[in-house]
Amino acid sequence: MREEEERRPRAGEASPSGLRLRRELGLASSVSLIAGCMIGAGIFMNPQLVLFHVGSPGGSLLIWAACGLLATLGALSYAELGTLIRESGGDYVYILRTFGPLPAFLVTYVSTLLVRPAGIAAIALTFAEYVLAPFHPGCASLPALLVRCVAAACILVLALVNCRSVRLAAALMNVCTAAKVLALLVIVGGGLWVLARGQAAPTLRDAFGGTSAQPGSVSMAFYQGLWSFTGWNNLNFVMEELKNAEKTLVRAIVISIPLVTGLYILVNLSYMVVMSPSDIGSSGALAVTWGNQILGDWAWLVPVSVALSTFGSANGGFFSGSRMCYAAAREGHMPGILSMAHVRHLTPSPALTFTSAVALIMIIPANFSSIVNFCSFIIWMIHGTTISCLLYLKIKKKDLPRSYKVPIIVPVIVLLAAIYLVLAPIIDQPQMEFLYVFLFVLSGIVVYFTIIYFQYQPRFLQVITVQLQLLLEVAPTMKNVD
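Here the residue numbers are simple positions, counted from 1 along each chain's written sequence. pLDDT decides what is reported in this predicted model: residues at 70 or higher carry local features, side-chain atom pairs at 80 or more are listed and counted, and totals for whole chains, interfaces and linings draw on all residues regardless. Each side-chain value is worked out from all heavy atoms of the structure, with water and hydrogens disregarded.

1. Re the overall build of the protein chain
Here is the rule: A run of DSSP states H or I qualifies as a helix once it reaches four residues; a run of E qualifies as a strand once it reaches two. Both are numbered from the N-terminal end. The classification of residues rests on relative accessible area computed with a 1.4 Å probe and restricted to protein chains. Under 20% of the type maximum is buried, over 50% is exposed, and intermediate values are partly exposed. By the convention used here, residues are in contact when the closest approach between their heavy atoms is within 4.5 Å. Throughout, the Shrake-Rupley method with a 1.4 Å probe supplies accessible areas, and for residues the shown protein chains are the sole cover considered.
The secondary structure content of the protein chain amounts to 19 helices and two strands. Per-residue burial over the protein chain gives 56% buried out of 482 residues. Taking the contacts inside the protein chain whose residues are at least 6 apart along the sequence as the reference set, 83% of them involve residues at least 24 apart. Looking at the protein chain as shown, the accessible area adds up to about 20300 Å², and 67% of this sits on carbon and sulfur atoms.

2. Things to note about the packing of helix α2 (residues 27-38) against helix α9 (residues 166-196)
Note the following rule: As a rule, the C-alpha atoms of each element are fitted with a line to give its axis, helices using only the stretch in contact, and angles between N-to-C directions run from 0 to 180 degrees. Angle categories are assigned with fixed cut-offs, so that under 35 degrees is roughly parallel, over 145 is roughly antiparallel, 65 to 115 is roughly perpendicular, and the rest are oblique. A crossing counts as left-handed when the near helix is turned anticlockwise from the far one by less than a right angle, and as right-handed when that turn is clockwise.
As a packed pair, α2 and α9 sit with axes 9 Å apart at the nearest point and diverge in direction by 60°. When the axis of α2 is compared with that of α9, the two are oblique. Crossing hand, α2 versus α9: left-handed. On α9, the residues that touch Ala28, Ser29, Ser32, Leu33, Ala35 and Gly36 of α2 are Ala170, Met173, Asn174, Thr177 and Lys180.

3. Some remarks on the pattern of salt bridges
Stated formally: Definition used for salt bridges: Asp or Glu carboxyl oxygen within 4 Å of a side-chain nitrogen of Lys or Arg.
Within this structure, the stated rule accounts for three salt bridges. In this structure, Glu246 engages Arg86 in a salt bridge whose closest nitrogen and oxygen atoms are separated by 3.6 Å. On the criterion of sequence distance, the pair formed by Glu246 in helix α11 (residues 245-274) and Arg86 in the loop between α5 (57-84) and α6 (91-99) is long-range, its members being 160 residues apart. What makes Glu246 partly exposed here is its relative accessible area of 26%. Across the pair Arg97 and Glu87 runs a salt bridge, and its minimum N-O distance is 3.0 Å. Of the two residues, Arg97 is situated in helix α6 and Glu87 in the loop between α5 and α6; the sequence distance between them amounts to 10 residues.

4. Points about the state of the cysteines
Rule in force here: The disulfide criterion used throughout: a pair of cysteine sulfur atoms within 2.5 Å.
With the rule as written, the count across this model stands at zero disulfides. The thiol of Cys176 is unpaired, and the distance to the nearest cysteine sulfur, on Cys154, comes to 9.8 Å. Since its relative accessible area comes to 2%, Cys176 is described here as buried.

5. Considering the side chain of Asn233
Summarising the element assignment, Asn233 is placed in the loop between α10 (215-227) and α11. When residues no more than four places from it in sequence are discounted, the contact partners of Asn233 are Tyr78, Asp91 and His383.

6. With respect to the packing of aromatic side chains
Filter applied, for reference: Whether two aromatic rings pair depends on their centres lying within 6.5 Å, for rings of Phe, Tyr and Trp, where Trp uses its six-membered ring; planes under 30 degrees apart make the pair stacked, over 60 edge-to-face, and the rest tilted. Whether a charge sits over a ring depends on NZ of Lys or CZ of Arg being within 6 Å of the ring centre and within 35 degrees of the ring normal.
A full pass over the atoms with the stated rule returns 12 aromatic pairs. The interplanar angle of 65° and the centroid separation of 6.0 Å between the aromatic rings of Phe99 and Tyr392 together place this pair among those described as edge-to-face. Of the two residues, Phe99 is situated in helix α6 and Tyr392 in helix α16 (residues 368-396); the sequence distance between them amounts to 293 residues. Note on Phe229 and Tyr264: the rings are 5.0 Å apart at their centroids and 70° apart in plane angle, and the pair reads as edge-to-face. Note that Phe229 is positioned in the loop between α10 and α11 and Tyr264 in helix α11, a separation of 35 residues in sequence. Here Tyr264 falls in the buried class, since its relative accessible area comes to 0%. Just above the ring of Phe237 sits the side chain of Arg116; from NZ or CZ to the centre is 4.5 Å.

7. Overview of the side chain of Thr248
Using the following cut-off: Two N or O atoms count as a polar contact when they lie within 3.5 Å, although within protein this holds only if one can serve as hydrogen donor and the other as acceptor, and sequence-adjacent residues are included solely when both atoms are side-chain atoms.
Looking at where Thr248 falls in the secondary structure, it is placed in helix α11. Residue Thr248 is classed as buried on the basis of its relative accessible area, which comes to 6%. Polar side-chain contacts of Thr248 include one of 2.6 Å to the backbone oxygen of Lys243. When neighbours within four sequence positions are excluded, Thr248 is seen to be in contact with Gly26, Leu27, Ser30, Leu235 and Lys243.

8. Section: the nonpolar core
So the rule is basically this: Side-chain atoms within 4.5 Å link the members of a nonpolar core, which is a set of buried Ala, Val, Leu, Ile, Met, Phe, Trp, Tyr and Cys residues.
In this structure, Phe229, Trp232, Tyr264, Tyr271 and Trp380 are the most contacted members of the largest nonpolar core, which totals 150 residues. Ranked by residue count, the leading element in this core is helix α7 (residues 101-132), at 19 residues.

9. Structural notes on helix α13 (residues 286-294)
Rules: Note that the arc is defined by the directions from the helix axis to the C-beta atoms.
All buried positions along α13 are accounted for by Leu286, Ala287, Trp290 and Gly291. Taken around the axis of α13, the buried residues stretch over an arc of 130°, which confines them to a single face. At the C-terminal side of α13, Gly296 shows a positive phi close to 60°.

10. With respect to the environment of Trp64
Along the polypeptide, Trp64 turns up in helix α5. Residue classification places Trp64 among the buried residues on the basis of a relative accessible area of 0%. Considering only alpha carbons, one finds Trp64 and Pro47, 17 residues apart in sequence, at a separation of 8.9 Å. In this structure, Trp64 is in contact with Ile43, Asn46, Pro47, Val50, Gly225, Ser228, Phe229, Thr261, Tyr264, Ile265 and Asn268, ignoring residues within four places of it in sequence.

11. Structural notes on unusual backbone geometry
Positive phi values are uncommon outside glycine, yet Asn244 reaches one of about 50°. By the secondary structure assignment, Asn244 is in the loop between α10 and α11.

12. Some points on the confidence of the model for the protein chain
The following threshold applies: Values of pLDDT, the confidence the predictor places in each residue, fall between 0 and 100.
For the protein chain, the average pLDDT comes to 79, and 87% of its residues sit at 70 or higher. The model gives residues 1-17 a pLDDT under 50, and that stretch makes 15 contacts with residues more than four places away or in other chains.

In C-alpha cells:
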C-alpha cells in the first residue's frame, strides 16, 4: 500500500506520463552549488602551474583576480540568458533557442561525450590520490590501478546519491562546501600567523620580476586559473529546479563568486608567505607542502580536506552536468531514454547513469594537467558562442521581457576574453590537442546529419529504450518553466 502511495503523483505534479523535476533548490543550496563546484582540486593543485606560466608571484595574483572577475562577468551574462530562456540545460538551451539545432547539438555532443565526463574523471582521480596518500607515506607515485579503482568508487557513489534524491545531493553539496571553505580559511589563517611572527618567505620580494608577456603563456596561466573557477555557470543548468528562479540565480552569483575569488587570492598569498620560490616551483601539490611546513603532526588534515573538496566538486559536476544531457534528449538531440525521470524520485537517473558510465571510461587514460588544458580550450569555445547568443538577443530582440539585464559592455568583455583564450594558444603554442578538437567537432557534424537531420533511428533502439524504461522505472518528462 505504501509503495502504491509513493508511485501516486503528489498534488501539483504531473502524471507519470508527464513528470516534472521538483523545485528543490533555494538560495543557500544555489550558493552552495556554485561555490561547491568551483572549490575543488584546482586551488590545491593549480597555483604553481599558474605561477609557472606567468613567471612571477605578482603576475600570478593578478591572474587569479582577473579569473574571478571574468567568472563574475560571465555568470552575470548567463544570468540574463537564464531569465530570458527559463529552461534547464545551460549553454545547450541558449544556443538552441538563438542559433538553431546544429550548433546546439555540437555543444551537447562535445560536452556530454567529452568535457563533462572528463572533468568529473579528473576530479575523481584527484580525490583518489589524496585519499590514498596518507596510506602510502613517502611514495613518489601511487599504484595506478588502485587510484583508478578508488576514483571509480567515487563516481559510482555520487551517481547513486544523485539518482536517489535531489534533496540528498543538495545536502551533500552544502556539507562539503562548508567543510572546504573552512579548510581554505585554515590555510589563510596559517599565512596570517606566519606574517604575525615575522617569518614570511621572500617569495613576494620583487613580486613582478620575470613576468611573461607572451600571449600563449598568459592564456595557459588563465586556463589553469579558470579551471579553479569552473562551475560559475552551473546554476543555469538547473533553472527548472530553482525556487524563485530569476531572483535566486542572480543573488547566488553575486554572493558566491566574489566570496570564492577573495578566498583564492588569500590562499595564494598564504602559499607565497609560507613557502620559498623554490618550494613552490618544485611542489607537486602546494597544499600538502604548505601543510607539512605549518601543521606539523596535523598535516594529514590537508589531504583529507582536499579529498572532501574534490568529492563535493565532483558531486556538483554530476548534479549540473547531467542536466545538459537531459535537456538535449528532451529536444531529440540525444536518445529519448536520457530525457526521462524516475517515477518516484523525480531525478534524471538515465542521464546521470550515462554521465557516470562515460566518466568511468575517462578515468582509464586520464591525466589531470592535459585534461585541464584540453577541456578549458573547448569550454571557452562554448562560452564564447553562448555569450554571442546574449549579444544577438540584446541587439536584435531588445523588446523581449527581461527581469534582469546586464550592460552590453559586460558580455562584450567576456566574448573578447573567450576569443583570446581560444586563439592565443593556437597561434603562440600550437598543439596536436587542438587538431583533435577540430576532428571531434567534425565527427559531431556527421552524427547530426546522419541521425538527427535525416531522423535515422534503427528499430532496435526503440526496443532497447522500452526495456531500459521498464528496468530503470523512468517515464517521459515535461518542462518545468511555469
